[in-house]
Amino acid sequence: MTSREDEAAGEIRATGFAWVRLEPSEADLLRSALAGGRAFFALPESVKAQHVSEDMNHGYRPMGQEYSVSAERPDLNECFALWSDRSDMVPGADRLGQLLQAWAAYRAVLDALVKGVVTCLARHFGGACAPAFRRASYLQMNNYCAAPAQRDLLQDLHEDGHLVTVHYASGPGLEVRLDGRIQPLEAAAESVLLMPGSVMTGLTSGAIRPLYHQVRDLAVPDRVSLMYFVNPSLDKPVHPWSHEPDTSVDLRDAIRSRPLAFGLPHVPDL
Ligand SMILES: O=C(O)CCC(=O)C(=O)O
Ligand SMILES: [Fe+2]
């Protein structure tokens, strides 16, 4: 474990979230991942539509399907998603080589970071080790559009429903709920934000609460965000961390079905 990961785990326990500063080489990989995503979103709608999967879980997802609270208020962004290393699930992947390679390289950075931080947390709470997570986790980039006059939020208040989200945004707008108060979170330079979700709450038997957040429309031009949504793999039971494991609790059904609350399909069994 590096001290960076140890510190982040401690911050999550103390404050409910953590900033992690990227090394310069890691920040370069983040920039390439963002550039690949921006180039994709700049393509004509008819080209982007060639990269929509039948279940809308892989590749491009036009704005309108995904929501944070209710289907009448969709998130005001389009998305691109890559589950695990399964670029083969993205229709037309052979035409997206640069984007997918850049994302694989950035994901390798985040895999190591998440593994370190989650291992520290698991040990603290009495778990033997962190669960495997790559196969049930995905990178998603959001590209926001201008909000209509009646919407002041680009995404309504929600928690992501995963174990942890590694978040980066190109501009301000993210607000979090801390001690019942909504407050903007100023991004630290070249840093990513670690936000626990309700799967973390399940694994820690309630000790770490999900971080609720929303995105305010501050009219930031070309705002994008890139998230790594991390779920424990679903091939083995997922029991809460504890010195005396309670094997009667298996969090997998909750993990699998959580995306339905956002208008999305189940977490795929890859
Ligand atoms: O765009 C952002 O800053 C956050 C996006 C987000 O919370 C999400 O997609 O779940
Ligand atoms: Fe979110």
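The structure presented is a predicted model; accordingly, all values stated were derived computationally and were not measured. (Residues numbered from 1 in each chain as written. Chains lettered and ligands numbered in written order. Predicted model: local features only at pLDDT ≥ 70, side-chain atom pairs only at ≥ 80, totals over all residues. Heavy atoms only, no water.)

Caption draft 1: Seen up close, the sheet that holds strand S10 (residues 213-216). Read from one edge of the open sheet, 4 strands run S5-S10-S7-S8, paired in antiparallel fashion. The open sheet has two edge strands with one neighbour each: strand S5 (153-158) and strand S8 (181-184). Strand-to-strand twist in this sheet, taken as the mean axis angle between neighbours without regard to direction, amounts to 25 degrees. The sheet contact formed by S5 and S10 spans 3 bridges and is antiparallel. For His158, the partnering residue across the bridge sits in S10 and is His213. (Pairing = 2+ DSSP bridges. Helix = DSSP H or I, 4+ residues; strand = E, 2+ residues; numbered from the N terminus. Axes fitted to C-alpha atoms, helices over the stretch in contact; angles between N-to-C directions.)

Caption draft 2: Summary view of the site of ligand 1. With respect to spatial proximity, 14 residues lie near ligand 1, and among them Tyr144, His167, His213, Arg223 and Ser225 are the closest. A distance of 2.9 Å separates an oxygen atom of ligand 1 from a polar atom in the side chain of His213. In isolation ligand 1 offers 300 Å² of accessible surface; the protein chains occlude 97% of this area. Within the residue set of the shell around ligand 1, elements represented by two or more residues are strand S4 (138-144), S5, strand S6 (164-169), S10 and strand S11 (224-230). (Near = heavy atom within 4 Å. Polar contact = N/O pair within 3.5 Å; in protein donor to acceptor, adjacent residues only side chain to side chain. Areas by Shrake-Rupley, 256 points an atom, 1.4 Å probe, with all protein chains shown as cover.)

Caption draft 3: Structural view of the sheet that holds strand S1 (residues 18-21). Pairing in this open sheet of 7 strands is antiparallel, and the strands run S1-S9-S6-S11-S4-S3-S2 from one edge to the other. Both outer strands of the open sheet, S1 and strand S2 (59-61), are each paired with one neighbouring strand and no more. Averaged over all neighbouring strand pairs, the angle between strand axes comes to 25 degrees, with direction disregarded. Two elements, S1 and strand S9 (residues 191-196), share 4 bridges in a ladder whose sense is antiparallel. From the neighbouring strand, Arg21 faces S9, where its bridge partner is Ser191. Its contacts with the sheet place helix H1 (residues 3-15) against S1 and S9, and it is angled at close to 160 degrees to S1. Sitting on the sheet, helix H2 (residues 24-41) is in contact with S2, strand S3 (77-83), S4, S6 and S11, with an inclination near 55 degrees to S4. (Contact = heavy atoms within 4.5 Å.)

Caption draft 4: Just the nonpolar core, in detail. Phe80, Trp103, Leu121, Val192, Leu194 and Leu226 are the most contacted members of the largest nonpolar core, which has 64 residues in total. The element contributing the most residues to this core is helix H4 (residues 97-124), with 14 residues. When sequence neighbours within four positions are dropped, the list of residues in contact with Phe80 reads Phe40, Phe41, Gly59, Tyr60, Val90, Leu96, Leu99, Leu100, Trp103, Leu139, Gln140 and Met141. (Core = buried A, V, L, I, M, F, W, Y, C linked by side-chain atoms within 4.5 Å. Buried < 20%, exposed > 50% of the residue type's maximum accessible area, 1.4 Å probe, protein only.)

Caption draft 5: How the structure looks around the packing of H1 against H4. Across the interface, H1 lies against H4 with an axial gap of 8 Å and an inter-helix angle of 55 degrees. Judged by the inter-axis angle, H1 sits oblique to H4. At the point where H1 passes H4, the crossing takes the right-handed sense. Note on element contacts: H4 touches H1 through Ala112, Leu113, Gly116, Val117, Cys120, Leu121 and His124, opposite Arg4, Glu5, Asp6, Ala8, Ala9, Ile12 and Arg13. Residue composition of the contact of H1 with H4, by class: 8 nonpolar, 2 polar and 4 charged. (Parallel < 35°, antiparallel > 145°, perpendicular 65-115°, else oblique. Left-handed = near helix turned anticlockwise from the far one by under 90°. Nonpolar A, V, L, I, M, F, W, Y, C, P; charged D, E, K, R; others polar.)

Caption draft 6: Structural context of the pattern of salt bridges. All chains considered together, the criterion is met by 19 salt bridges. Here Glu45 makes a salt bridge to Lys48, at a shortest N to O gap of 3.5 Å. Of the two residues, Glu45 and Lys48 both sit in helix H3 (residues 45-48), 3 residues apart, roughly one turn of that helix. The class of Glu45 is partly exposed, set by a relative accessible area of 45%. As a salt-bridge pair, Asp269 and Arg256 come within 3.7 Å of each other at their nearest N and O atoms. With Asp269 in the segment after helix H6 (252-257) and Arg256 in helix H6, the pair connects residues that are 13 residues apart, well separated along the chain. Looking at Asp269, the relative accessible area reads 56%, which means it is exposed. Judged by relative accessible area, which is 22%, Arg256 ranks as partly exposed. Taken together, the shared-partner salt bridges in this structure form one network comprising Asp85, Arg107, Asp111 and Arg134. (Salt bridge = Lys/Arg side-chain N within 4 Å of Asp/Glu carboxyl O.)

Caption draft 7: Geometry of the UniProt feature "domain: Fe2OG dioxygenase" (unreviewed entry) in the protein. According to UniProt, the positions carrying the feature "domain: Fe2OG dioxygenase" (unreviewed entry) are residues 135-232. Across residues 135-232, helical content stands at 6% and strand content at 46%; the span's end C-alpha atoms are separated by 8 Å. (UniProt positions renumbered as here; feature names shortened; annotations may be inferred.)

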